[in-house]
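For reference, the chains in residue letters:
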Amino acid sequence: MKNKKITRKITQGMYVLTTKGGGCVVDAVSQVSGGDNPLIAVAVMKQNYTNKLMHKNNTFALSVLGMDIDPEIIQTFGFNSMKDINKFEKVTLNEVEGIKVIDSSLGYMLCEKVDVIENETHTLFIGKLIEADVYKDGEAMSYGYYQDHKDDFIKVKTEKGKTAWVCKVCGYVYYGDTLPDDFKCPMCGVGSENFVRKEN
Ligand SMILES: Cc1cc2nc3c(=O)[nH]c(=O)nc-3n(C[C@H](O)[C@H](O)[C@H](O)COP(=O)(O)O)c2cc1C
């Protein structure tokens, strides 16, 4: 048995990962060491454009999303690819050491890439914290909160009169009255438990 729903209980936040040329929403982020220059790991799907950029560049930033974050930011960075739109034109940004960060976030962490671990579907990038700032006080949004309120965040347009199942990880749309239990997202590979039903 592998009931992956229990993994949602791992405390996980919501971030916008940025590097030169692009970025995307990520939740797979962990501080993996303490000390003066802590190590921070982020897992990026290989099919994401951001993955290519992360291989090319030596620095990246994580903007921490608070409970007050405009859902448009999650929409822009989490359901679109820099291959198709210029995400940076749609959002107010600051620039730190040449890396764009989200102005309306709680703050950012700027990291220097120190290690890269390849996995089947994801690459784990490990960075050393080199600069950080707090923009404002506030509660960080957890991935669990996002999961429980995903309908407020997912605004993918679906065809009228059809039952649609939207992948809440990448926005892929499957049409059909039912979604097979063993369905895997053809875009990002996640299972049926990550799909949300939409009707319009
Ligand atoms: C709530 C949420 C969490 C996400 N977490 C991750 C993640 O941890 N790693 C990842 O690679 N993509 C994650 N994604 C998916 C990317 O943000 C998404 O595929 C994005 O469109 C990729 O854009 P790009 O092609 O410009 O890189 C997440 C999306 C959402 C909405």
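## Quick notes on the environment of Q47
By secondary structure assignment, the location of Q47 is in the loop between β4 (39-45) and α1 (49-56). Among the residues examined, Q47 registers a relative accessible area of 32% and is labelled partly exposed. Taking the C-alpha atoms as reference points, Q47 and T121, 74 residues apart in sequence, are found 8.0 Å from one another.

## Brief notes about the domain arrangement of the protein
Annotation of the protein at the domain level lists domain 1 (4-145) and domain 2 (156-199). For domain 1 versus domain 2, the separation of C-alpha centres amounts to 25 Å. Counting the surface lost from both domain 1 and domain 2, the interface buries some 710 Å², and carbon and sulfur atoms represent 47% of this. Contact with domain 2 buries surface across domain 1, with M45, Q47 and F79 losing the most and accounting together for 52% of the total. Linking domain 1 with domain 2 are zero residue pairs in polar contact (both at pLDDT 80 or more), by the criterion used here.

## Observations regarding helix α2 (residues 71-78)
In terms of burial, α2 is a largely internal element, six of the eight residues being buried. Regarding α2, the residues found buried are I73, I74, Q75, T76, F77 and G78. Tucked into the core, α2 has its buried residues touching β1 (15-19), β2 (22-26), β7 (99-102), α3 (143-148) and α4 (150-153).

## What about unusual backbone geometry?
Unlike most non-glycine residues, E97 shows phi in positive territory, near 50 degrees. Position of E97 among the secondary structure elements: in the loop between β6 (93-96) and β7.

## Regarding the site of the ligand
In the neighbourhood of the ligand, 24 residues make up the surrounding shell, with D27, M45, T50, N80 and S81 lying closest. In this structure, an oxygen atom belonging to the ligand sits 3.1 Å away from a main-chain N or O atom of A28. Here G78 contributes a backbone N or O atom positioned 3.5 Å from an oxygen atom of the ligand. Mapped by element, the contributors of at least two residues to the shell around the ligand are β2, β4, α1, α2 and α3. Ranked by the residues each element gives to the shell around the ligand, the list is headed by β2, at four residues.

## So, the packing of aromatic side chains
The geometry of an aromatic ring pair is captured by the separation of the ring centres together with the interplanar angle, meaning the angle of the planes. Per the stated rule, a full pass over the model turns up five aromatic pairs. When the ring of Y143 is compared with that of Y146, the centres are 6.1 Å apart and the planes differ by 10 degrees; the resulting orientation is stacked. In this pair, Y143 and Y146 are both assigned in helix α3, three residues apart and thus about one turn of the helix distant. A single burial state applies to Y143 and to Y146, both of which are buried. An aromatic cluster of three or more residues is present, and its members are Y174, F183 and F195. The residue whose ring lies beneath K162 is Y175, and the NZ or CZ to ring-centre distance is 5.0 Å.

## Description of the sheet that holds β4
Sheets are built from strands that pair by backbone hydrogen bonding, the pairs being arranged parallel or antiparallel. Spatial strand order, β2-β1-β5-β8-β9-β4-β3: seven strands in an open sheet with antiparallel pairing. At either margin of the open sheet sits one strand with a lone partner, and together these are β2 and β3 (29-31). Adjacent strand axes in the sheet meet at a mean angle of 30 degrees, parallel and antiparallel pairs treated alike. Pairing geometry for β1 and strand β5 (residues 59-64), over four bridges, is antiparallel. The residue of β5 that forms the bridge with L17 is L62. Seen against the sheet, α2 touches β1 and β2 and runs at an angle of roughly 115 degrees to β2.

Definitions and cut-offs
- Residues numbered from 1 in each chain as written.
- Predicted model: local features only at pLDDT ≥ 70, side-chain atom pairs only at ≥ 80, totals over all residues.
- Heavy atoms only, no water.
- Helix = DSSP H or I, 4+ residues; strand = E, 2+ residues; numbered from the N terminus.
- Buried < 20%, exposed > 50% of the residue type's maximum accessible area, 1.4 Å probe, protein only.
- Domains from an automatic or database assignment.
- Buried area = accessible area lost by both parts, 1.4 Å probe.
- Polar contact = N/O pair within 3.5 Å; in protein donor to acceptor, adjacent residues only side chain to side chain.
- Contact = heavy atoms within 4.5 Å.
- Near = heavy atom within 4 Å.
- Phe/Tyr/Trp six-rings, centres within 6.5 Å; stacked < 30°, edge-to-face > 60°.
- Lys NZ or Arg CZ within 6 Å of the ring centre and 35° of its normal.
- Pairing = 2+ DSSP bridges.
- Axes fitted to C-alpha atoms, helices over the stretch in contact; angles between N-to-C directions.

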